[in-house]
Amino acid sequence: MGRTISYLQALNEAMAEEMRRDPSVFVMGEDVQMGAFGQTAGLVKEFGTERALNTPICENAITGVAMGAAMFGLRPVLEIMFCDFIMLAMDEICNQLGQWRYVSGGQYSIPITIRTAIGGGIRMGYGHSQSLESQLIQAPGLILVEPSTPYDAKGLLKSAIRSNDPVIVFEHKKLILGGVSGEVPEEEYIVPFGEAAIRKEGKDATVVAFGFMQYEALSAASELANEGIDVEVIDPRTIVPLDKKTIFNSVEKTGRLITVEEGRIRGGIGAEIAALAVSEYFDLLDAPVQRVAAPMVPIAGSPALEDMYMPNKDSIIRAVKRTL
Amino acid sequence: MGRTISYLQALNEAMAEEMRRDPSVFVMGEDVQMGAFGQTAGLVKEFGTERALNTPICENAITGVAMGAAMFGLRPVLEIMFCDFIMLAMDEICNQLGQWRYVSGGQYSIPITIRTAIGGGIRMGYGHSQSLESQLIQAPGLILVEPSTPYDAKGLLKSAIRSNDPVIVFEHKKLILGGVSGEVPEEEYIVPFGEAAIRKEGKDATVVAFGFMQYEALSAASELANEGIDVEVIDPRTIVPLDKKTIFNSVEKTGRLITVEEGRIRGGIGAEIAALAVSEYFDLLDAPVQRVAAPMVPIAGSPALEDMYMPNKDSIIRAVKRTL
Amino acid sequence: MALSNEKIIELYRNMLLVRTIEEKHAKLLAEGRIQLMGHFGTGQEAVSIGVTGPLRKEDILFGTHRGVGEYIGKGMNPKDIWAEYLGKRTGLSKGKGTLHLADRDLNIPFVVGSLGADWSIAVGTALASKMKKTDQVTLYFVGEGTCNQADAHPAMNMAALWKLPIVFAVCTNQFCEMSYMSEHCPTEDIAPRAAGYGIPYEIVDGQDIETTYKATEKAIKHARSGKGPYCVEYKTFRMALHFSGDPGGYVKPEDLEQWAKRDPIDLCRKKLLEKKIITPAQDNKLWAEIKEEVDMAVEAALSDQDPTTEDFITDIYEQKGVL
Amino acid sequence: MALSNEKIIELYRNMLLVRTIEEKHAKLLAEGRIQLMGHFGTGQEAVSIGVTGPLRKEDILFGTHRGVGEYIGKGMNPKDIWAEYLGKRTGLSKGKGTLHLADRDLNIPFVVGSLGADWSIAVGTALASKMKKTDQVTLYFVGEGTCNQADAHPAMNMAALWKLPIVFAVCTNQFCEMSYMSEHCPTEDIAPRAAGYGIPYEIVDGQDIETTYKATEKAIKHARSGKGPYCVEYKTFRMALHFSGDPGGYVKPEDLEQWAKRDPIDLCRKKLLEKKIITPAQDNKLWAEIKEEVDMAVEAALSDQDPTTEDFITDIYEQKGVL
Ligand SMILES: Cc1ncc(C[n+]2csc(CCOP(=O)(O)OP(=O)(O)O)c2C)c(N)n1
Ligand SMILES: Cc1ncc(C[n+]2csc(CCOP(=O)(O)OP(=O)(O)O)c2C)c(N)n1
Ligand SMILES: [Mg+2]
Ligand SMILES: [Mg+2]
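A brief look at the structure comes next.

### Quick look at the relation of the copies chain A and chain B
In the superposition of chain A on chain B (RMSD 0.0 Å, axial shift 0.0 Å), the rotation amounts to 180°. Expressed as a symmetry operation, the mapping of one chain copy onto the other fits a two-fold axis. Looking at chain A, 100% of its interface residues are interface residues in chain B too, so the copies touch through the same face.

Next up, the structure:
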């Protein structure tokens, strides 16, 4: 039997359950005892200040601390408060974390989970609003996860914590704050990496949408349905590994591909999927791929400007129509 | 009348000439007085220790220093010794340098040039061998330059130093060390951003190759010519802005597109070009796009393993043949 | 030398202005008239105003995210701030920065998003002043929490190494977001770290405006005279919560109580009244004037125009045709 | 307490081994037999060996890029090093790390590429020891140039804040690549920076093996007893150039001359002979033995197998099917 819980609750439960299950799991980050957006709130009560470890503000260094701890027997769950700050920790993440297993010839596993809040639309402007998943897709050795539902948030975060590979989990602020709710089982479960979910079946076009954009895509799909356009909506759930099979099976059926992400367009996840389409799955397409994404513009604080920046239901609808 | 000079000399001349021309230009970085690979060697003699400023090792901070200086009247040319270390400075580069013009509403120009050595094949292994251009293509507000000849190295670096936008110049170690030579005019010239060069005309397939890969592409082209395959080789010279016109005019003629870069494949420059092909230039292609790039693997120190990693003439030849 | 009466009144007025703007911001939020979150500096006004008071217009100021103190202190006017805060095209940055204020005319670079990213940028502006042989000083005003950010270290190191004209002004308000500083660093004081680079430092009371002003004045003089960087740490207390949406619950009531007794505006007013520099009537009038000034600035800004789709894509590159 | 004769001989032997391996490396390069560049630690052997001498096997060592000193000191054997250096599949890391040595069995994490990236990683290993209540100490051995890297600061801060079992061992060899330290920081000493975090420190002569050993032993004892981090700075001189391809020309001849008089191996040998702990004949035999050991290690490694195409794509993820 399922329960209906919020996205926030799902994240919190995943951490609490894994901390109960395995004493080597602990959370750390800036103000994790309070919980910046509440994801880690309350853990300190049950697990104490050492396993809910507040850190100073120094993102590259706390990433290194988590990495070192992970190499010697612990399983840290590190929170980087805003994904914009991931950029401070790029050397640790891309050059060290993702590479040391390989360059040590497999001597070290680094079982670390990094959770970070992405996304705009809540008027935080420059510096606190970006979706930088695509900044990490070029780095080898990382697993990248972007859950859109409470079910996936819990199941994927649990998989992340149990994984011996470094995993980065992108949590959209609108999902955390906005109180998306959904069903999760009473009993324990995990969601494996690399399996996309088909959120809506359809035959006219394939929309692949990540994280929060999933909801915009579903809204677009139902509006399009009113016009008799039957869109298939796929939620990849993990960016690396990417479930190419589910995506391109769908494209085989529809002949049309629209990618949707909140990050910027150039070199984005959509670029990679479009490139796969035109290299590995060349014959499937009946129309140009449409990439719905943010433009190559910084995010302004002005609500008017932020609204111009964000991809949304309407831009998805326009993109779908361009393929028909 | 032209002179034949090395790639290294071209870079050095560009800096010396611009420093003579404009007293606000100066070079800074780790050991720039000696010159890690010799690019800045000798400048200290003519311009003194203040305008050839040695810095401590702290890549994020020296990027910030250059940025601050650039906002208040100077034109720094900052050397980040190895492009791998760009990852230490990602916050300054992507979140600050590329964005402050916009988020200050155009109040500040930041005329800074960052030069950095990319590339492998010289047995430096992990940490000193990567080509990370594609890590920067997602950031707004930056200009990215990758010269492959002495002529372009000099002309593009001069454009970079004169530009009021932040420019990053990628210099391949094999070009610096290996002594590629070429003609440059006696008289002053610059090479503008956003204009690709067609290095070899051809009608059967379009090969777009960046930086050092240009030479591998040209070798591939001449070997293919022996087999009667007539390849067009394009050197984009700048990654941002990208000369889509020259590239896709060529694809219109050949119907075949092969992208070549030394960086890793996922989310690389090739992904972006392939995505453009399948979104903006859908009808031009007669065959799947081929992306020649490094795999999603760290770079090992072992020569045997490094050779498996590197894209080269042979992988380009195979890729071209797959399109025919 | 004691400050002149005019100077003290000016500083007092600025402190009132800061508090009034921030209270107005809180009120607008409470009334649901705006959504823009605020990080208020209530109780810290003697630091932000004392630190910026001795600066010349040509001096360069890096300020913090905490309220409008140092921006008012450096000369920004409330209408400009509000137009920017509200994301209007009449704002200092056409609404693109909002909370991240910048003012080229006042030599205020930009309020950074990634805290601490500007440590080194400030060293860069000081380097520019030195290389261009101007006699500008850069004042880097920073929260003590941000002193734990990595770049604090190379920034201090380079500033000392190159003897740059920069003042590191540390506002120790006891908190970093929702935790006490004792969870962030092992020592009570931050400024002694400067000694590791041979940078002289001083630690002063942050509640008394004359003290903060004079300590800063001395530090600026040192930096301007070519002797290199100087560090001042101001001890104060953040009476507000971290930001307008902060649920609170982590501040010890006894701390609030104790520090409330030394509110910088109260302290200054008392002194002004005691010394008869102003009368109670003049004081009341001042408050009323300031309240009206702020109200008018807000109303004017609220009715300004939003940025356009054209504004959206300008100011990214200077070179045409790149975007 | 003085070191036992056995201990001193062991340390002396290790110093000889280090110098011999590095000289062999230089020779192989000169003969064109290998291309692998080297960063030699000639003249610094009393630091690398003295620092690692007091470590237990379970203690965690972060070493530097400069030669093989600390790795020999912690127990790596020459053959393992050479197989890795030469990129063979029999290497410690199957040839994937080469100069970036790592040894899980010896608790040596990995020699980092971006200098300073491991400051905080070392804090992390010490945190793990503390949380797991082992009595391991982490020894972070680092060049003074790398002490200017940003993360030195938050690393020291967190280590002190959390009272972690870690020793910061700074090897001040007067250079950072091709420049003297005076171009990198304004002070002569690095260790006093530790005082800013309340970390105790000591500055010692780096040429005398007993001094370096004992200072480190004391620091390790402090850390192991739960008193938190300790910092030791060892003053030495890099007699080699920065790396095997360094053109040189920037080292003052008088510095070389002066420091050559205090070569750590000479100093130690003199003491051993004077105190009759070894005889000249025994000493000669030791050198010869070591030379042979190293030559054999190199030849054995040279004939090992290269990694395969299968090796190329393993060790990236544990999870199957991701790459
Ligand atoms: C790089 C970075 N990490 C974290 C944050 C989130 N953050 C915003 S304000 C703040 C507290 C800063 O404390 P302090 O410097 O003492 O200034 P105060 O808020 O006390 O004025 C933090 C951690 C940020 N903006 N940037
Ligand atoms: C992040 C980073 N910046 C620069 C370098 C290049 N580099 C290699 S060795 C070295 C000198 C380090 O000096 P120090 O820490 O004193 O060690 P030493 O070489 O003297 O043993 C530098 C700058 C690097 N490897 N990583
Ligand atoms: Mg504070
Ligand atoms: Mg050194």
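### Description of the coordination of the magnesium ion (ligand 4)
Residues and elements named next belong to chain D. Distances from the magnesium ion (ligand 4) to its protein donors, namely Glu 144 (OE), Asn 173 (OD1) and Phe 175 (O), fall within the range 2.1 to 2.2 Å. Written as a sequence motif, the donor arrangement for the magnesium ion (ligand 4) is E-x28-N-x1-F. The exposure classification of Asn 173 matches that of Phe 175, with both residues buried.

### Description of the interface of chain A and chain C
The interface of chain A with chain C comprises 32 residues on the first partner and 39 residues on the second. Here chain A packs against chain C, burying approximately 2,500 Å² in sum over the two surfaces, 65% of which is carbon and sulfur. By the criterion of area lost to chain C, the three top residues of chain A are Met34(A), Ile57(A) and Tyr126(A), representing 25% of everything that side buries. Taken together, the connections running from chain A to chain C amount to zero salt bridges. The tally of links from chain A across to chain C stands at 10 residue pairs in polar contact (both at pLDDT 80 or more). Ranked by residues supplied to the side of chain A that touches chain C, first place goes to helix 11 (residues 303–309) of chain A with five residues.

### So, the interface of chain A and chain B
Counting residues at the interface gives 46 residues for chain A and 47 residues for chain B. Carbon and sulfur atoms make up 58% of the area that chain A and chain B hide from each other, which totals about 4,200 Å². Three residues stand out in chain A for area buried against chain B, namely Tyr126(A), Gln138(A) and Arg266(A), and they jointly supply 17% of the buried area on that side. For Glu272(A), the salt bridge goes to Arg291(B), with nearest N and O atoms at 2.9 Å. The interface formed by chain A and chain B includes 26 residue pairs in polar contact (both at pLDDT 80 or more). Only helix 4 (90–97), helix 5 (100–103) and helix 10 (269–279) of chain A provide two or more residues apiece to the side of chain A that touches chain B. Ranked by residue count, the leading element in the side of chain A that touches chain B is helix 10 of chain A, at seven residues. Its residues placed into classes, the side of chain A that touches chain B shows 28 nonpolar, 11 polar and seven charged.

### Digging into the site of ligand 1
The immediate surroundings of ligand 1 are formed by 22 residues, with Glu59(A), His65(C), Arg66(C), Glu144(C) and Thr146(C) found nearest. Contact between ligand 1 and Leu115(C): a nitrogen atom at 2.9 Å from a main-chain N or O atom of the residue. One nitrogen or oxygen atom from the main chain of Gly145(C) is found 2.8 Å from an oxygen atom belonging to ligand 1. Look at ligand 1: alone it shows 580 Å² of surface, and the protein chains cover 97% of it.

### Some words on the sheet that holds strand 3 (residues 52–54) of chain A
What links the strands of a sheet is backbone hydrogen bonding, and the strands pair in either a parallel or an antiparallel sense. All names here are of chain A. Here seven strands make up an open sheet; going across it, the order is 3-2-4-5-7-6-12 and the pairing mixed. Of all strands in the sheet, those bounded by a partner on one side alone are strand 3 and strand 12 (238–240). Geometrically, the sheet is characterised by an average inter-axis angle of 20° between neighbouring strands, direction not taken into account. Sheet contacts for helix 1 (residues 7–21): strand 2 (25–29), strand 4 (75–82), strand 5 (113–118) and strand 7 (167–172); angle to strand 2, the most-contacted strand, approximately 130°.

### Quick look at helix 2 (residues 43–51) of chain A
What helix 2 of chain A keeps buried is the set Leu43(A), Phe47(A) and Arg51(A). With its buried residues spanning 65° around the axis, helix 2 of chain A presents them on a single face. Turned more than 90 degrees away from the buried face of helix 2 of chain A, the exposed residues are Lys45(A) and Thr49(A). Here the buried face of helix 2 of chain A lies against helix 1, strand 2 and strand 3 of chain A together with helix 5 (118–131) of chain D.

Thresholds, definitions, all that
- Residues numbered from 1 in each chain as written.
- Chains lettered and ligands numbered in written order.
- Predicted model: local features only at pLDDT ≥ 70, side-chain atom pairs only at ≥ 80, totals over all residues.
- Heavy atoms only, no water.
- Least-squares fit on C-alpha atoms with pLDDT ≥ 70 in both.
- Contact = heavy atoms within 4.5 Å.
- Donors = N, O, S within 2.8 Å, 3.2 Å for Na, K, Ca; no water.
- Buried < 20%, exposed > 50% of the residue type's maximum accessible area, 1.4 Å probe, protein only.
- Buried area = accessible area lost by both parts, 1.4 Å probe.
- Salt bridge = Lys/Arg side-chain N within 4 Å of Asp/Glu carboxyl O.
- Polar contact = N/O pair within 3.5 Å; in protein donor to acceptor, adjacent residues only side chain to side chain.
- Helix = DSSP H or I, 4+ residues; strand = E, 2+ residues; numbered from the N terminus.
- Nonpolar A, V, L, I, M, F, W, Y, C, P; charged D, E, K, R; others polar.
- Near = heavy atom within 4 Å.
- Areas by Shrake-Rupley, 256 points an atom, 1.4 Å probe, with all protein chains shown as cover.
- Pairing = 2+ DSSP bridges.
- Axes fitted to C-alpha atoms, helices over the stretch in contact; angles between N-to-C directions.
- Arc of directions from axis to C-beta.

Everything listed here is a matter of coordinates, which is why it stays silent on function.
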